[in-house]
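Observations on the three-dimensional arrangement
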Amino acid sequence: MRPEIKVWGAEPETAAPAALSFAKGTAQEFQSGKPRSSTARAARACFAMWQRMQPVVDGFIVVSLDEVKRAMRLMAEKARVIAEGAGALGLAAALTGKAGKGPVVAIVSGGNIDLEKFSS
């Protein structure tokens, strides 16, 4: 309804098949078969999602694991929200500035993280 609004996905640099898919223009698979990071292991793209994403997503922003950790910490400190790594990808991507100028909305979901691990 509002084509001027951009929709971005976010992926960790350790598992970014959707970003690769958008760059190549066709569905791509993560090369090693599984993400190497437990911080954002839930972020996975699959071939079935490619046809659904392509018409509505403008692209993907790839973030480092350090950027994900900073986003998790920021949410905990400022908003008192505990998010798992995959749930913090949107905020991490928004904080990079790669989404452009203007208001940015980041969807945060997923609190499935061991609190001991989160604390470290």
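Being a predicted model, the structure only gives us computed values, none of them experimental. (Residues numbered from 1 in each chain as written. Predicted model: local features only at pLDDT ≥ 70, side-chain atom pairs only at ≥ 80, totals over all residues. Heavy atoms only, no water.)

Moving on to the packing of aromatic side chains. Throughout the structure, instances matching the rule amount to two aromatic pairs. Ring geometry for phenylalanine 22 and tryptophan 50: centres 5.1 Å apart, planes at 70°, overall edge-to-face. Remark: tryptophan 50 occurs in helix H2 (residues 47-53) and phenylalanine 22 occurs in helix H1 (residues 17-24); sequence separation between them is 28 residues. Both rings, one in phenylalanine 22 and one in phenylalanine 60, keep their centres 5.4 Å apart while their planes meet at 45°; by these two values the pair is tilted. In this pair, phenylalanine 22 is assigned in helix H1 and phenylalanine 60 in strand S2 (residues 59-63), connecting sequence segments 38 residues apart. (Phe/Tyr/Trp six-rings, centres within 6.5 Å; stacked < 30°, edge-to-face > 60°. Helix = DSSP H or I, 4+ residues; strand = E, 2+ residues; numbered from the N terminus.)

Within this structure, the stated rule accounts for two salt bridges. The shortest N-O distance in the salt bridge between arginine 2 and glutamate 4 comes to 2.6 Å. Here arginine 73 and glutamate 77 are joined by a salt bridge, their closest N and O atoms 2.9 Å apart. Here the residue arginine 73 and the residue glutamate 77 both occupy positions in helix H3 (residues 65-79), the gap between them amounting to four residues, near one helical turn. Since its relative accessible area comes to 55%, arginine 73 is described here as exposed. (Salt bridge = Lys/Arg side-chain N within 4 Å of Asp/Glu carboxyl O. Buried < 20%, exposed > 50% of the residue type's maximum accessible area, 1.4 Å probe, protein only.)

The element strand S1 (residues 8-12) is extensively covered by neighbouring structure, given that four of its five residues are classed as buried. Alignment of S1 against S2, held across five bridges, turns out to be parallel. Counted as the bridge partner of alanine 10 is isoleucine 61 from S2. (Pairing = 2+ DSSP bridges.)

This part takes up the nonpolar core. Grouped together as the largest cluster of nonpolar side chains are 14 residues, with contacts concentrated most on Val63, Val68 and Ala88. Listed by contribution, the elements that provide at least two residues to this core are S2, H3 and helix H4 (89-96). (Core = buried A, V, L, I, M, F, W, Y, C linked by side-chain atoms within 4.5 Å.)

Once that is clear, we can look at unusual backbone geometry. Residue arginine 80 is not a glycine yet carries a positive backbone phi of 60°. Mapped onto the secondary structure, arginine 80 falls in the loop between H3 and H4.

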